[in-house]
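# Residue-level structural notes
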Amino acid sequence: MNKISFTKMHGCGNDYIYVDAKHHDIPDPSAAAVAWSDRHKGIGSDGLVLIGASPVPEADFSMRIFNADGSEAMMCGNASRCIGKYLFERGLTSKTEIRLLTLSGVKTLCLKVDDGMVKSVTVDMGKPILEDDTLFIPNPELSEGTFVSMGNPHYVIFTDDVDQVEHRGRILEHLPAFPQRCNIEFARVETVNNGVRLEEGRAGEMAVIRTRVWERGSGITQACGTGACATAVAAALIGNAGRHSQIVMDGGTLEIEWRESDNHVYMTGPATFVFDGEIEI
């Protein structure tokens, strides 16, 4: 048996098991993700994240993400923020701007550091993709929501009943319209920064949007970084908000800005260490 050192972290309650892949080889990360993510018989998490060296000069580090069901994810905003905190506070880099290679491209992490501690991380999530026939096949019967890809597919439905996620999330994830399955968000616009309910999107005001998330491969999670980004973009597209939103999820709040200057989506939020440990494989 080999002992693997790991760190559990969460971003707004979206918790993953982090392993430094430069020091630990995990022959079957999909199987490990399933076993270790079990909240009764394992460590308990939404999945497994491997932090590695980058094979390309355009990035400083790489990450691979495996969901609780063993499927490999393309990108995770909460995990990328946690990696930024992990790398800096564990002394693996002194950079406060880190380029991270993911399956959906290189993402730039900007760390806000105070007295040697990472207080928040802003991730350049890149440009949203609104049409992708490999991820979404338009269907006239599927018209209640908005498709947005943030390197992974999301379908955002605005409704007064965000708790629909509990009985509709799994069904929508597996619809034929989503060839690679889909992340599902149910969202409700709450207020703007002056405390008045937002009836129509008004540029320059920060909307507060209550969101619940069904992540493909993991089910209901406390938060989803790419899901928060997709929700903010969808709200702006249909006129429910401007380009700056606070996305309030079960586990916490993320600030999302969809900048007109470069069409990129920027996500800002916290990252938290939970505990370190060892597990045998």
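This section reports on the structure supplied with the text. (Residues numbered from 1 in each chain as written. Predicted model: local features only at pLDDT ≥ 70, side-chain atom pairs only at ≥ 80, totals over all residues. Heavy atoms only, no water.)

## Notes on empty space enclosed by the protein
Operational definition: Cavity and pocket criteria rest on a 1 Å grid covering protein atoms alone: a 1.4 Å probe that fits but cannot get out defines a cavity, protein on both sides within 12 Å along at least 5 of 7 lines defines an open pocket, and an atom within 4 Å of a point defines a lining residue. Grid points are joined across faces, edges and corners, and a volume is the space filled by probe spheres set on the points. Three classes are used, and their members are as follows: Ala, Val, Leu, Ile, Met, Phe, Trp, Tyr, Cys and Pro are nonpolar, Asp, Glu, Lys and Arg are charged, and the others, Gly among them, are polar.
Summed over all chains, the structure comprises one cavity of 30 Å³ or more. Its residues placed into classes, the lining of the largest cavity shows six nonpolar, three polar and two charged.

## Regarding the pairing of strand 3 (residues 47–53)
The cut-off we apply is this: Buried, partly exposed and exposed residues are distinguished by accessible area as a fraction of the type maximum, computed with a 1.4 Å probe on protein chains only: under 20%, between the cut-offs, and over 50%, respectively. By the criteria applied, helices consist of DSSP H or I runs no shorter than four residues and strands consist of E runs no shorter than two, each listed in order from the N terminus. Paired strands, in this sense, are two strands between which DSSP finds at least two bridges.
In terms of burial, strand 3 is a largely internal element, six of the seven residues being buried. Where strand 2 (residues 14–20) meets strand 3, four bridges bridge the pair, whose relative direction is parallel. If you follow Asp 20 over to strand 3, its bridge partner there is Ile 51. Across seven bridges, strand 3 lies against strand 4 (residues 61–67) in antiparallel orientation. Along strand 4, the bridge assignment pairs Leu 50 with Arg 64.

## Some words on the pattern of salt bridges
Put simply, the rule is: One speaks of a salt bridge when a side-chain nitrogen belonging to Lys or Arg is within 4 Å of a carboxyl oxygen belonging to Asp or Glu.
All told, the structure shown has 18 salt bridges when counted by the stated rule. The residue Asp 15 makes a salt bridge to Arg 39 at a minimum N-O spacing of 2.8 Å. One end of the pair, Asp 15, is in strand 2; the other, Arg 39, is in the loop between helix 1 (29–37) and strand 3, and 24 residues separate them in sequence. What makes Asp 15 buried here is its relative accessible area of 8%. Between Asp 69 and Arg 181 there is a salt bridge whose closest N-O contact spans 3.5 Å.

## Some words on helix 2 (residues 77–89)
Using the following cut-off: Multiplying 1.5 Å by the helix residue count minus one yields the expected span of that helix.
For helix 2, built from 13 residues, the straight-helix expectation of 18 Å at 1.5 Å per residue is met to within 8% by its first-to-last C-alpha distance of 19 Å. Summarising burial for helix 2: twelve of the 13 residues are buried, a large majority. Along helix 2, the residues that are buried comprise Gly 77, Asn 78, Ala 79, Ser 80, Arg 81, Cys 82, Ile 83, Gly 84, Lys 85, Tyr 86, Leu 87 and Phe 88. Positive phi appears at Gly 91, one or two residues downstream of helix 2, with a value of about 75°.

## Focus: a nonpolar patch on the surface
The cut-off we apply is this: By definition, no residue in a patch forms a salt bridge, and every one has over 30% relative accessible area; like charges are joined within 9 Å, nonpolar side chains (Val, Leu, Ile, Met, Phe, Trp, Tyr) within 5 Å. The Shrake-Rupley method, run with a 1.4 Å probe, gives the accessible areas here. Residue values count only the displayed protein chains as cover.
Where nonpolar side chains cluster on the molecular surface, the patch consists of Leu 130, Leu 237 and Ile 238 and spans about 240 Å² of accessible area. Looking at the element boundaries, Ile 238 is found in the loop between helix 4 (225–237) and strand 14 (244–249). In this structure Ile 238 comes out as partly exposed when scored by relative accessible area, which is 44%.

## Notes on the nonpolar core
Nonpolar side chains tend toward joint burial in soluble globular proteins. This is how the line gets drawn: In plain words, nonpolar cores are sets of buried Ala, Val, Leu, Ile, Met, Phe, Trp, Tyr and Cys residues tied together by side-chain atoms within 4.5 Å. We call two residues in contact whenever any of their non-hydrogen atoms come within 4.5 Å of each other.
Among the nonpolar cores identified, the biggest contains 53 residues, and Tyr 18 and Ile 256 are the most heavily contacted of them. Top element by residues in this core is helix 4. It accounts for eight residues. Not counting the four nearest positions on each side in its chain, Ile 256 is found in contact with Ala 228, Cys 229, Ala 232, Arg 243, His 244, Ser 245, Ile 247, Val 265, Tyr 266 and Met 267. Core analysis: the second largest hydrophobic core is formed by 15 residues, Phe 136, Tyr 155, Ala 177 and Trp 214 among them.

## Re the packing of aromatic side chains
Worth spelling out the cut-off: Stacked, edge-to-face and tilted are the three classes for Phe, Tyr and Trp ring pairs, Trp counted by its six-membered ring, which pair at centre distances within 6.5 Å; planes under 30 degrees apart are stacked, over 60 edge-to-face, the rest tilted. Criterion for a charge above a ring: Arg CZ or Lys NZ at most 6 Å from the ring centre, at most 35 degrees from the ring normal.
By the definition in use, this model includes five aromatic pairs. Ring geometry for Phe 6 and Phe 275: centres 6.0 Å apart, planes at 80°, overall edge-to-face. Residue Phe 6 is located in strand 1 (residues 3–11), and its partner Phe 275 is located in strand 17 (residues 272–280); the two are separated by 269 residues in the primary sequence. When its relative accessible area of 37% is taken as the criterion, Phe 275 is described as partly exposed. Among the aromatic residues, ring-to-ring pairing joins Phe 136, Phe 147, Tyr 155 and Phe 178 into one connected group. Arg 243 extends its terminal NZ or CZ atom over the ring of Trp 258, reaching a point 4.2 Å from the ring centre. Directly above the aromatic system of Tyr 266 lies the positively charged group of Arg 259, at a separation of 3.7 Å from the ring centroid.

## Focus on the side chain of Ser 45
Note the following rule: Pairing of N or O atoms within 3.5 Å defines a polar contact, subject to two protein rules: one partner must be a possible hydrogen donor and the other a possible acceptor, and residues neighboring in sequence count only if both atoms are side-chain atoms.
You can see Ser 45 is positioned in the loop between helix 1 and strand 3. Among the residues examined, Ser 45 registers a relative accessible area of 3% and is labelled buried. Within polar-contact distance, the side chain of Ser 45 engages the side chain of Ser 37 at 3.0 Å. From its side chain, Ser 45 meets the backbone oxygen of Gly 47 in a polar contact 2.9 Å long. If we ignore the near neighbours within four places in the chain, the residues touching Ser 45 are Asp 15, Tyr 16, Ile 17, Ser 37, Arg 39 and Ala 68.

## Describing the environment of Leu 172
One can find Leu 172 in helix 3 (residues 165–173). Remark: the alpha-carbon pair of Leu 172 and Cys 182, spanning ten residues in sequence, is separated by 7.5 Å. Filtering out sequence-adjacent residues up to four positions away, Leu 172 remains in contact with Leu 142, Ile 157, Phe 178, Ile 184 and Phe 186.

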